[in-house]
Amino acid sequence: MSYVDSVLDELIRRNPGEPEFHQAATEVLNSLKPIIEKDEKYQSVALLERLVEPERVIMFRVPWVDDAGKVHVNKGYRVQFSSAIGPYKGGLRFHPSVNLGVIKFLGFEQIFKNSLTGLPIGGGKGGSDFDPKGKSDNEVMRFCQSFMTELCKYIGPDVDVPAGDIGVGAREIGFLYGQYKKITGRYEGVLTGKGLTYGGSLVRTQATGYGLVYIVDEMLKAAGKSLAGQVVTISGSGNVAIYAAEKAMQLGAKVVTLSDSNGWVYDKDGIDLDAVKEIKEVRRGRIKEYLQYRPNAEYHEGKGVWTVKCDIALPCATQNELLEEDAKALVANGCYAVGEGANMPSSLEAIDVFLKNGVLFAPAKAANAGGVATSALEMSQNSQRLSWTFEEVDAKLKGIMANIYREMAAAAKEYGYENNFVVGANIAGFKKVADAMLAQGIV
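Residues numbered from 1 in each chain as written. Predicted model: local features only at pLDDT ≥ 70, side-chain atom pairs only at ≥ 80, totals over all residues. Heavy atoms only, no water.

**Student:** Could you clarify how one ought to interpret the overall build of the protein chain in this entry?
**Tutor:** The secondary structure content of the protein chain amounts to 17 helices and twelve strands. Taking 443 residues into account, the globule formula puts the C-alpha radius of gyration at 22 Å, and the protein chain, at 21 Å, falls close to it. The dimensions of the protein chain, computed from C-alpha atoms along their principal axes, are 65 × 55 × 45 Å. Across the 443 residues in the protein chain, those meeting the buried criterion constitute 58%. Summed over its atoms, the accessible surface of the protein chain is roughly 17400 Å², and 50% of this surface lies on carbon and sulfur atoms. Charge separation in the protein chain, taken as the distance between the mean sites of 50 positive and 54 negative side-chain charges, equals 3 Å. (Helix = DSSP H or I, 4+ residues; strand = E, 2+ residues; numbered from the N terminus. Rg over C-alpha atoms; globule rule 2.2 N^0.38 Å. Buried < 20%, exposed > 50% of the residue type's maximum accessible area, 1.4 Å probe, protein only. Areas by Shrake-Rupley, 256 points an atom, 1.4 Å probe, with all protein chains shown as cover. Lys, Arg positive; Asp, Glu negative; His and termini not counted. Charge placed at Lys NZ, Arg CZ, Asp CG, Glu CD.)

See below:
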């Protein structure tokens, strides 16, 4: 049995009931075999065993009171996975699907994603099984205040800097930051994704979606192609999906789908993004309301967005939303490029279909790194007490995404996997973290 296989077997044995974490670790470690098997130094210091074990796991209860006076208790998590190259950095997710295995998968992926940005940030992730949907602003505020009352003991601008993720937007970040400031008495950059009036960065809202399209654009250009005139299908209708659609449209593509957890819309004439922003960012409504704005569009309940004929697909909703049969449908319909905007949206079987059929595939740890990259830029601005212009931050983001593409493409080519950006991204992200771990000894 190879070193990698033995580490994976032990990981699965020691972490039962965590399929998402198993999946993420399997994908990463198997793609690292070309570099791991070339050098025994990694095994001699048990580097992989240390890499897949979080440095710290924090779990806590979050009691809160609803508007009717009823007390509820949710679970809270923060997994501080790796600080080899910098303070822990990663979002907070508030969603009923959150459990320890999901947070560990997200934190593990974050290690490599953050490394790829070239910025000095380690990997972490957190969240709760609390669902902000359908809650009043006061209920969300009380939950966030209770959550931060415990979390504040473990975070800080040079220790761990959380951000937003699914279910944690500007409203939640504001409530969390207000409680942190009240408890600690410190006004510092301990959270990113803050409002512009209290230390936030321009472009942060757009960053993950814009970054996704920037790296896909680089990937297409290297293959002699362009976004202009291409039909794009996108899943999701949250922050990532909306701003991926916006940037794709700016570069000349036609986006024809968006979705949410209830269903999806297809607009053959191109999505009306102003309508989607009104529904999702202002009213916090459901995507089926899109037909009130564009009655000629189609709305379908459940899954199905990947059955629509397209040139480029951008999964931007949640993990494992694009399965093997979806991948086969995309390939059959002529899709030649996929960029992952969500965290691990494609199953291992779906990725295998894409790679075997020559589909250009930008994996999530590279393609959705724009959000954390801009979060790190927000940290820099907070440290310097400065606020950069939209154009300055956007230019830095575009440069970071172009550099990520170059690094993952070069790593893939170096190890004989040209155009396999899954292997390229994992090796490029791993090398920086592994070198830091080796330099710092057995810690």
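Don't stop here, the text continues.
**Student:** Honestly, the pairing of strand E6 (residues 231-235) in this entry has me stumped. Any pointers?
**Tutor:** It is a general feature of regular strands that their side chains alternate between the two faces of the sheet. Among the five residues of E6, four are classified as buried, and the element is accordingly described as predominantly covered. Taken together, the three bridges between E6 and strand E7 (residues 254-259) define a ladder with parallel strand orientation. Bridge pairing in E7 links Val232 to Val255. Handedness of the β-α-β unit built from E6, helix H10 (residues 239-250) and E7 comes out right-handed. When E6 meets strand E10 (residues 312-315), the two strands line up parallel, connected through four bridges. In the sheet register, Ile234 faces E10, and the bridge partner there is Leu314. (Pairing = 2+ DSSP bridges. Right-handed = clockwise from strand over helix to strand, strands pointing away.)

**Student:** Help me understand the packing of aromatic side chains in this model?
**Tutor:** For any pair of aromatic rings, the description consists of the separation of the ring centres together with the inter-plane angle of the planes. Taken as a whole and assessed by the stated rule, the structure comprises 19 aromatic pairs. Pairwise contacts between aromatic rings join Phe60, Trp64, Phe94, Phe130, Phe143 and Phe147 into one cluster. The ring of Tyr210 has Lys247 sitting right over it, with the charged end atom 4.4 Å from the ring centre. (Phe/Tyr/Trp six-rings, centres within 6.5 Å; stacked < 30°, edge-to-face > 60°. Lys NZ or Arg CZ within 6 Å of the ring centre and 35° of its normal.)

**Student:** Any chance you could explain a nonpolar patch on the surface here in plain terms?
**Tutor:** A cluster of nonpolar side chains, contributed by Val65, Val71 and Val73, occupies part of the molecular surface with about 250 Å² of accessible area. Within the secondary structure, Val73 sits in strand E2 (residues 71-82). (Patch = residues over 30% accessible without salt bridge, like charges linked within 9 Å, V, L, I, M, F, W, Y side chains within 5 Å. Salt bridge = Lys/Arg side-chain N within 4 Å of Asp/Glu carboxyl O.)

**Student:** Hey, could you run me through the sheet that holds E6 in this one?
**Tutor:** Strands pair in a sheet through their backbones, by hydrogen bonds, and they do so in one of two ways: parallel or antiparallel. Ordered in space as E9-E8-E7-E6-E10-E11-E12, the seven strands form an open sheet in which the pairing is mixed. Both edges of this open sheet fall to strand E9 (298-301) and strand E12 (360-362), since each of them pairs with a single strand only. The mean angle between the axes of side-by-side strands here comes to 15°, regardless of whether they run parallel or antiparallel. Of the pairings in the sheet, the one linking strand E11 (residues 337-339) to E12 comprises three bridges and is parallel in character. Paired with Ala337 across the bridge in E12 is Leu360. (Axes fitted to C-alpha atoms, helices over the stretch in contact; angles between N-to-C directions.)

**Student:** Help me understand helix H13 (residues 348-356), please; the structure alone is not making it clear to me.
**Tutor:** Since one α-helical turn is 3.6 residues long, residues separated by three or four positions face the same way. Looking only at H13, the buried set comprises Ala350, Ile351, Val353 and Phe354. Seen end-on, H13 carries its buried residues on one side only, within an arc spanning 155°. Where H13 is buried, its residues contact helix H12 (324-332), E11, E12 and helix H17 (421-440). Once H13 finishes, Gly358 follows within two positions and takes phi at roughly 70°, a positive value. (Arc of directions from axis to C-beta. Contact = heavy atoms within 4.5 Å.)

**Student:** I would appreciate a short explanation of helix H8 (residues 170-184) in the present structure.
**Tutor:** Over its 15 residues, H8 extends 21 Å from the first C-alpha to the last, a length consistent with the 21 Å expected when each residue adds 1.5 Å. When we look at burial in H8, the residues that qualify are Arg171, Glu172, Ile173, Leu176, Tyr177, Gln179 and Tyr180. The secondary structure elements touched by the buried residues of H8 are strand E3 (88-94), helix H7 (137-151) and strand E5 (160-164). Immediately beyond the C-terminal end of H8, within one or two residues, lies Gly185, with a positive phi of roughly 75°. (Expected span 1.5 Å × (residues − 1).)

**Student:** Please explain the packing of helix H9 (residues 207-222) against H10 as it appears in this structure.
**Tutor:** For any two helices packed against each other, one specifies the inter-axial angle together with the distance between the axes. It is at 7 Å that the axes of H9 and H10 come closest, and there the two elements cross at 45°. It follows from the interaxial angle that H9 and H10 lie oblique. Crossing angle aside, the handedness with which H9 passes H10 is right-handed. Contact residues: H9 offers Thr208, Gly209, Tyr210, Leu212, Val213 and Tyr214, while H10 offers Val240, Tyr243, Ala244, Glu246, Lys247, Ala248 and Gln250. Grouping the amino acids of the contact of H9 with H10 by side-chain chemistry returns eight nonpolar, three polar and two charged. (Parallel < 35°, antiparallel > 145°, perpendicular 65-115°, else oblique. Left-handed = near helix turned anticlockwise from the far one by under 90°. Nonpolar A, V, L, I, M, F, W, Y, C, P; charged D, E, K, R; others polar.)

**Student:** Please explain the sheet that holds E2 as it appears in this structure.
**Tutor:** Pairing is mixed in the open sheet, where five strands are placed in the order E1-E2-E4-E3-E5. Bordering the open sheet on either side are strand E1 (56-65) and E5, each of which pairs with just one other strand. Averaged over all neighbouring strand pairs, the angle between strand axes comes to 20°, with direction disregarded. Sheet analysis places E3 next to E5, joined by five bridges and oriented parallel. Paired with Gly90 across the two strands is Pro162, which belongs to E5. Seen against the sheet, H7 touches E1, E2, E3, strand E4 (122-128) and E5 and runs at an angle of roughly 145° to E1.

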